[in-house]
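Summary of structural features
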Amino acid sequence: VQLVESGGGLVQPGGSLKLSCSVSTNMFYIYDMDWYHQPPGKQRELVATISSGTFDTNYADSVKGRFTISRDNNENILYLQMNSLKPEDAGVYYCHATLRRSNIEYWGQGTQVSVSS
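Described in the following lines is the structure provided in the data block.

Conventions adopted
- Residues numbered from 1 in each chain as written.
- Predicted model: local features only at pLDDT ≥ 70, side-chain atom pairs only at ≥ 80, totals over all residues.
- Heavy atoms only, no water.
- Phe/Tyr/Trp six-rings, centres within 6.5 Å; stacked < 30°, edge-to-face > 60°.
- Lys NZ or Arg CZ within 6 Å of the ring centre and 35° of its normal.
- Core = buried A, V, L, I, M, F, W, Y, C linked by side-chain atoms within 4.5 Å.
- Buried < 20%, exposed > 50% of the residue type's maximum accessible area, 1.4 Å probe, protein only.
- Helix = DSSP H or I, 4+ residues; strand = E, 2+ residues; numbered from the N terminus.
- Pairing = 2+ DSSP bridges.
- Axes fitted to C-alpha atoms, helices over the stretch in contact; angles between N-to-C directions.
- Disulfide = S-S within 2.5 Å.

**Focus: the packing of aromatic side chains**
All told, the structure shown has three aromatic pairs when counted by the stated rule. Site record: aromatic cluster; members linked through ring pairs are Tyr36, Tyr94 and Trp107. Stacked on the ring of tryptophan 107, the Lys or Arg arginine 44 has its end atom at 4.7 Å from the ring centre. Between arginine 71 and the ring centre of phenylalanine 28, over which it is positioned, the NZ or CZ distance is 4.4 Å.

Printed below as a string of structure tokens:
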């Protein structure tokens, strides 16, 4: 299974970006999906999750109300809509997949987000 992120770039504070993660599997619907954020010089941290079956979502407190995670099980794509971006949102964003009820997981290569005026 391969995960390929896209949509990163440079945006001004207060701006928006939409990240995408294309997943190369016909079984996308059985994977729980997450977005992680790694700020420069810091550890990777969980930002948002969406479950495989019920599409339940959870967010880190730092992004609640600003970010929205979603998935398209027909197109095998995971999204992260990021609004009201702040300088501290800058870093590399990684797509992560976990096969439901297992320890099998996959990571994307990451996409860079820069927030600066």
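**Thoughts on the nonpolar core**
Within the largest apolar cluster, 28 residues are counted, with the highest numbers of intra-cluster contacts made by Met33, Trp35, Phe67, Leu78, Leu80, Met82 and Tyr93. When contributions to this core are tallied by element, the ones reaching two or more residues are β3 (17–23), β4 (31–38), β5 (45–50), β7 (67–72), β8 (77–82), β9 (91–99) and β11 (111–115).

**Focus on the sheet that holds β7**
The strand order across the open sheet built from four strands is β1-β3-β8-β7, with neighbouring strands paired in antiparallel fashion. The two strands at the open ends of the sheet, each matched to only one other strand, are β1 (3–6) and β7. Here the average twist between neighbouring strands, direction ignored, is 15°. Judged from the six bridges that link them, β3 and β8 form a sheet pairing that is antiparallel. Paired with lysine 18 across the two strands is glutamine 81, which belongs to β8.

**Considering the state of the cysteines**
Scanning all chains against the criterion turns up one disulfide. Paired through a disulfide, cysteine 21 and cysteine 95 show a sulfur-sulfur distance of 2.1 Å. When the S-S torsion is -80°, as for the bridge of cysteine 21 with cysteine 95, the disulfide is left-handed. Taken together, the positions of cysteine 21 in strand β3 and cysteine 95 in strand β9 put the pair 74 residues apart, joining distant regions of the chain. Comparing cysteine 21 with cysteine 95 shows no difference in burial state: the two are buried.

**Remarks on the pairing of β11**
Side-chain alternation along β11 places Thr111, Val113 and Val115 on a buried face and Gln112 and Ser114 on a face that remains uncovered. Here three bridges tie strand β2 (residues 9–11) to β11, and the two strands are oriented parallel to one another. Among the inter-strand pairings, valine 11 is bridged to a residue of β11, identified as valine 115. Relative to β11, β9 is paired through three bridges, and the arrangement is antiparallel. Paired with valine 92 across the strands is glutamine 112, a residue of β11.

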